[in-house]
Amino acid sequence: MSDRLIFLLALFSVTGSGLIAGLFFAFSSFMVTALSRIPNEQGINAMQSINATILNPTFGALFTGTALTSIVLAVLSVLRWGEPGSVYLLAAGLLYLTGFIVTMAFNVPLNDALAAVDPASSAGSEVWSAYLSKWTAWNHVRTVTSIGAMILFVFALRHIP
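Residues numbered from 1 in each chain as written. Predicted model: local features only at pLDDT ≥ 70, side-chain atom pairs only at ≥ 80, totals over all residues. Heavy atoms only, no water.

Caption draft 1: Structural detail: the pattern of salt bridges. Summed over all chains, the structure comprises 1 salt bridge. Between Asp3 and Arg80 there is a salt bridge whose closest N-O contact spans 2.5 Å. With Asp3 in helix α1 (residues 3-36) and Arg80 in the loop between α3 (57-79) and α4 (86-115), this pair connects stretches of sequence that are 77 residues apart. A residue is classified by how much of its surface remains accessible, and Asp3, at 27% relative accessible area, is partly exposed. (Salt bridge = Lys/Arg side-chain N within 4 Å of Asp/Glu carboxyl O. Helix = DSSP H or I, 4+ residues; strand = E, 2+ residues; numbered from the N terminus. Buried < 20%, exposed > 50% of the residue type's maximum accessible area, 1.4 Å probe, protein only.)

What follows is the structure, encoded as structure tokens:
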């Protein structure tokens, strides 16, 4: 694969991981806190709406597309081991994929559990309380892995001819 194509894949990946990092950072730094400060029913309704709305082609292409380019770049980095930027591409790809896996293994099931509750019920309030702490903790992991991946993709870009 040509250096130019690798550069373009890395450029897409740094952009994608940066945008995703910003989204996750917003949730970690203020959005979940804001939702936790309003009545439970309103917070649940808002998060249910966010979770339903985010499932769209634009977000899906960015989030999943960056995961796919991360896989391609990680594999290429191993195949081209010793080439400039290989170690950065591998580390960046693995970091982004870690956040992607965390999303699928932890955040999505929590979103699904929240989607299944009636916001006005006492069960909804119990799910919401657990959701706020667990979802946010896993979101912090996604934030750090996405930021780390973005930084490492930038380092990789500096070394690809």
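Caption draft 2: Region of the structure containing the side chain of Ser13. For Ser13, the location among the structural elements is in helix α1. You can call Ser13 buried: its relative accessible area is 0%. With residues up to four places along the chain from it excluded, the contact list for Ser13 reads Thr66, Thr69, Ser70, Leu73 and Phe153. (Contact = heavy atoms within 4.5 Å.)

Caption draft 3: Representation of the packing of α3 against α4. One can describe the packing of α3 onto α4 by two numbers: an axis separation of 8 Å at closest approach and a directional angle of 140 degrees. Crossing of α3 over α4 shows left-handed handedness. On the side of α3, the interface is formed by Leu62, Phe63, Thr64, Thr66, Ala67, Ser70, Ile71, Leu73, Ala74, Ser77 and Val78, while α4 contributes Ser86, Leu89, Leu90, Gly93, Tyr96, Leu97, Phe100, Thr103 and Met104. Considering only residue class, the contact of α3 with α4 consists of 13 nonpolar, 7 polar and no charged. (Axes fitted to C-alpha atoms, helices over the stretch in contact; angles between N-to-C directions. Left-handed = near helix turned anticlockwise from the far one by under 90°. Nonpolar A, V, L, I, M, F, W, Y, C, P; charged D, E, K, R; others polar.)

Caption draft 4: Highlighting a nonpolar patch on the surface. Taken together, the side chains of Phe25, Ile147, Ile151, Val154 and Phe155 present a nonpolar region at the surface, about 400 Å² in accessible area. On the secondary structure map, Phe155 appears in helix α5 (residues 122-159). (Patch = residues over 30% accessible without salt bridge, like charges linked within 9 Å, V, L, I, M, F, W, Y side chains within 5 Å. Areas by Shrake-Rupley, 256 points an atom, 1.4 Å probe, with all protein chains shown as cover.)

Caption draft 5: Fine view of helix α2 (residues 40-53). Over its 14 residues, α2 extends 20 Å from the first C-alpha to the last, a length consistent with the 20 Å expected when each residue adds 1.5 Å. Every buried residue belonging to α2 is among Gly43, Ile44, Met47, Gln48 and Asn51, and all of these are buried. Viewed end-on, α2 has its buried residues packed into an arc of 130 degrees, placing them on one side of the element. Exposed and oriented more than 90 degrees from the buried face of α2 are Ala52 and Thr53. Those residues of α2 that are buried lie in contact with α1, α4 and α5. (Expected span 1.5 Å × (residues − 1). Arc of directions from axis to C-beta.)

Caption draft 6: Focus on the packing of aromatic side chains. This model, assessed by the stated rule, comprises 9 aromatic pairs. Between Phe27 and Trp135, the ring centres sit 5.5 Å apart and the planes meet at 65 degrees, which makes this aromatic pair edge-to-face. Linking Phe27 in helix α1 with Trp135 in helix α5, this pair joins segments that are 108 residues apart in sequence. Across the pair, exposure class does not vary: Phe27 and Trp135 are buried alike. Through a chain of ring-to-ring contacts, the aromatic side chains of Phe24, Phe59, Phe63, Tyr96 and Phe100 assemble into a single cluster. It is Arg142 that lies over the ring of Phe24; its NZ or CZ is 3.9 Å from the centre. (Phe/Tyr/Trp six-rings, centres within 6.5 Å; stacked < 30°, edge-to-face > 60°. Lys NZ or Arg CZ within 6 Å of the ring centre and 35° of its normal.)

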